[in-house]
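Observations on chain architecture
Here's the letter readout for the chains.
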Amino acid sequence: MRYRYIGRSGLRVSPICMGTMTFGSFCDKNTSFAIMDRAYERGINFYDTAELYPVPPRKSWAGVTEEIVGEWLATKPRDSVILATKVAGAASGWFVPPIRHGLTAIDRFHIERAVEGSLKRLKTDYIDLYQMHWPDTVVPIEESLEAFDRLVQSGKVRYIGTSNDTAYGLTKANEASRYMGLARFESIQNNFSLLNRRFMDELATVCRQEKISLLPYAPLAGGVLTGKYNGDFFPPDARFTKYLRDKNPRVRDQARRYLNDKTLEATALYMEIAELAGMSVTTLAIAWSIRHDFVASSIIGATSVKQLDETLAALDVTLDDEIIRACDGVHEAIMYPMG
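Report on the accompanying structure. Because the structure is predicted, anything quoted here is derived from the model rather than measured.

1. So, the packing of helix H2 (residues 64-73) against helix H3 (residues 108-122)
- Closest axis-to-axis distance for the H2/H3 pair is 7 Å, and the angle between their directions is 45°. Classified by the interaxial angle, the pair formed by H2 and H3 is oblique. In this structure, H2 contributes Glu66, Glu67, Val69, Gly70 and Leu73 to the contact, and H3 contributes Ser118, Arg121 and Leu122.
- Partitioning the contact of H2 with H3 into residue classes produces three nonpolar, two polar and three charged.

What follows is the structure in C-alpha cells.
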C-alpha cells in the first residue's frame, strides 16, 4: 500500500477511504462489519463517518453509524486506524439536521456537544480527523476555528477539516487560522467524480497552492458510475431508486441530480472506455479519482462485501494517457452532467 499524507498533517492514509454512511440503514451491523473487515484486510486504514449518519438523515437513525463503527473499531488496534468523523453543519445551511432539535450551529457549544457524543459512540478517546460537515452561514468562522482548536489542544482531535465548502470558504478559514495561530483545515471533503468535475474549476488550485488535501466523496456518483442504472430498469434495492420514492422532496431532488439523462449518457460512454481498457467502469472511476495530485484518499461506499472487489481493484491500476484523454473527451461532450 502506498500511503499518502493529508495536507501538512501527520495522517498517513491509504488512497482509498472506507465510507460508512449506509451502515445502519442500507446494511445491518453484521454486513457493515464484514465490509470494514474486508477493507482492513486489503490495507485500507482510513475510515470516514459522521454524527448524522446513516443516510438518508432521520432522527431515529442519527448516530447509529458511529455506534457500529465504534463496535468494529474495538476489534482492531486503535493506532492502526485513521478515523474521521464530522460535526453536523448549521441549520442555516442547505437543510436542517434532525439532531439537537434542528438547532445546530458551528459554534463552541455544538462542536463540543458533537465531539463528546461522537467519542462516546465511537468508543475512543481521540478522533484523527474532525470535520465540519458543511459551513455555517451565520457564526463567524473565527469563532468556529477557536472551538476546533480547543479540541486539538485538548488531544481529543488530532487534525481538522471541512466539507462541502467553497474556494472562498476554505481560503477564508485557513487565512483566519494563520493570523490567529489556530489549527487549520488540512482537508476538504467535497463531491468529485467523472460526473462532477467542478472541484477542478477553482478549489483544486487552492489545494495545490496551500497543501490542502481533497477527500472526494461520491467518486462513483452515488453508484451511478457502476453502470447499474444503465439497464432497462433501475435496480429495485438501489439507493437512488429508493430515494426517488422517498416522501422527502429534498431526497428526491438529490436522486435526480445524480440520476438524469445526462449522467446516464455520460456513464454509458465511460462504460465503453472501461471495456476497451479491460476493466469495470467502477474500477475506472476510482482509479481516475485517486490519480489527482490534490487527492489524498477517495471515499468509497458499499452495502455488500462483493461491491468492494471492483472498487479496491483501482489500487492496482494506473490509467494511461489514452484513457485519460478519452475520459476528458466525454466531459467535453457532456459537461457538468450533475449541474
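2. With respect to the environment of Asp246
- Tracing the backbone shows Asp246 in the loop between helix H7 (239-244) and helix H8 (249-258).
- The exposure class of Asp246 is buried, given its relative accessible area of 18%.
- Note: C-alpha distance between Asp246 and Leu312 (66 residues apart in sequence) is 31 Å.
- Apart from residues no more than four positions distant in its own chain, Asp246 is found in contact with Pro56, Arg58, Val251 and Arg252.

3. Overview of the packing of aromatic side chains
- Counted according to the given criterion, the structure contains 16 aromatic pairs.
- Here Tyr229 and Phe234 contribute two aromatic rings whose centre-to-centre distance is 5.5 Å and whose plane-to-plane angle is 85°, an arrangement assigned as edge-to-face.
- A relative accessible area of 1% places Tyr229 in the buried class.
- Put simply, the rings of Phe26, Tyr229, Phe234, Phe240, Tyr243 and Tyr258 pair up and form one aromatic cluster.
- The cationic tip of Arg239 hangs over the ring face of Phe240; the distance from NZ or CZ to the ring centre is 4.9 Å.
- The ring centre of Tyr258 lies 6.0 Å from the NZ or CZ of Arg257, which sits over that ring.

4. Description of helix H5 (residues 167-180)
- The terminal C-alpha atoms of H5, which comprises 14 residues, lie 20 Å apart, in line with the 20 Å expected from a rise of 1.5 Å per residue.
- Among the residues of H5, those classed as buried are Ala167, Gly169, Leu170, Ala173, Asn174, Ala176 and Ser177.
- Residues of H5 that are buried in the fold lie against helix H4 (141-154), strand S7 (157-163), strand S8 (185-189) and helix H6 (203-210).
- Phi turns positive, to about 70°, at Gly181, one or two residues after H5.

5. Structural notes on the layout of surface pockets
- Here the second largest pocket is characterised by a volume of approximately 310 Å³.
- Lining the second largest pocket are 14 residues, with Arg2, Arg4, Pro15, Ile290 and Leu315 positioned closest to its centre.
- Its residues assigned to classes, the lining of the second largest pocket shows eight nonpolar, one polar and five charged.

Procedures and definitions
- Residues numbered from 1 in each chain as written.
- Predicted model: local features only at pLDDT ≥ 70, side-chain atom pairs only at ≥ 80, totals over all residues.
- Heavy atoms only, no water.
- Axes fitted to C-alpha atoms, helices over the stretch in contact; angles between N-to-C directions.
- Helix = DSSP H or I, 4+ residues; strand = E, 2+ residues; numbered from the N terminus.
- Parallel < 35°, antiparallel > 145°, perpendicular 65-115°, else oblique.
- Contact = heavy atoms within 4.5 Å.
- Nonpolar A, V, L, I, M, F, W, Y, C, P; charged D, E, K, R; others polar.
- Buried < 20%, exposed > 50% of the residue type's maximum accessible area, 1.4 Å probe, protein only.
- Phe/Tyr/Trp six-rings, centres within 6.5 Å; stacked < 30°, edge-to-face > 60°.
- Lys NZ or Arg CZ within 6 Å of the ring centre and 35° of its normal.
- Expected span 1.5 Å × (residues − 1).
- 1 Å grid on protein atoms, 1.4 Å probe; cavity = no way out; pocket = protein on both sides within 12 Å on 5 of 7 lines; lining within 4 Å.
- Points joined across faces, edges and corners; volume = space filled by probe spheres on them.

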